[in-house]
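Chain residues, written in single-letter form:
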Amino acid sequence: MSIERKKVFIVDDHQIMIDGIKSLLKIKNQFDVVGSTMNPLEALELIEKTSPDIVITDINMEPLSGIELSKKIKKQFPAIKILALTMFSDKTTINEMIDAGVEGYILKNTGTDELQLALQKIADGHLFFSNEVTQELINTIKNKTNISSTEEEAKLTPREIEITKLIADEYTNEKIGEKLFISERTVETHRKNIFRKTNTKSVAGLIKYAINNKIV
């Protein structure tokens, strides 16, 4: 039985990057590039026409940055996964992209194997951050003055903290329900409350919150 290949759309203001990614994915033969553009302003219209599963986007683009584009994609097409592919590894940009809802973040100096792995992980419903990006997040958290983390944690009930930990471990709602002996609908209710209380909009954002407040 053949496995359905995931559809990818590329947004980058350098044609050489677009061509390189297309060539790589064609060789690997696991993803179909259904479209691309160097103009982020036309990306949403093209994404609507091509219905990709994953969007690979640069960040430093004009006149619309990858951060703003990612926010628009998530608002208009919440099911689409986003992989940031960029030269920027500073904590501010990383955090802004995570807050925008991206599922992955890797650097343009990455190897072809890591790009392929990132796409596979994201396609399977997981998050993927390159080692450099993960280390930058860890360093940020270590160096950050933790202001009243107890008060932040107090927003969540013990059950919500338990579920947050399982979400961080990539458990699905179904698996969380099985482990905690509660219904999947109950898990979904807890999940919504957790995102609301922590003021996060994505799993990546929730994990960042959980690390910041020493929940995980």
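Anything mentioned here points back to the structure above.
About the thresholds
Residues numbered from 1 in each chain as written. Predicted model: local features only at pLDDT ≥ 70, side-chain atom pairs only at ≥ 80, totals over all residues. Heavy atoms only, no water. Pairing = 2+ DSSP bridges. Helix = DSSP H or I, 4+ residues; strand = E, 2+ residues; numbered from the N terminus. Contact = heavy atoms within 4.5 Å. Axes fitted to C-alpha atoms, helices over the stretch in contact; angles between N-to-C directions. Right-handed = clockwise from strand over helix to strand, strands pointing away.

K.L.:
Looking at this structure, I do not really get the sheet that holds strand S2 (residues 31–37). What am I missing?
P.N.:
Adjacent strands of a sheet pair through backbone hydrogen bonds, lying either parallel or antiparallel. Taken together, the six strands give an open sheet; going across it, the order is S2-S1-S3-S4-S5-S6, and neighbouring strands pair in parallel fashion. If you trace the sheet from one side to the other, it starts and ends with S2 and strand S6 (128–129), each paired once. Two strands pair when backbone bridges link them, and strand S4 (residues 81–86) and strand S5 (residues 104–107) are joined in this way by four bridges, in the parallel orientation. Paired with Leu83 across the two strands is Gly104, which belongs to S5. Contacting strand S1 (6–11), S2 and strand S3 (54–57), helix H2 (residues 43–50) crosses the sheet at an angle of about 165° to S1. Strands in contact with helix H5 (residues 112–123) are S1, S2, S3, S4, S5 and S6; relative to S4, the strand with the most contacts, it is inclined by about 160°.

K.L.:
Got a minute to help me understand the pairing of S1 in this structure?
P.N.:
Two faces, one strand: in a regular strand the side chains alternate between the faces of the sheet. As judged from the six bridges shared by S1 and S2, these two strands associate in the parallel manner. Paired with Val11 across the strands is Thr37, a residue of S2. Once you follow S1 into helix H1 (residues 15–28) and on to S2, the crossover reads as right-handed. Here four bridges tie S1 to S3, and the two strands are oriented parallel to one another. Looking at the pairing, Ile10 lines up with Ile56 of S3.

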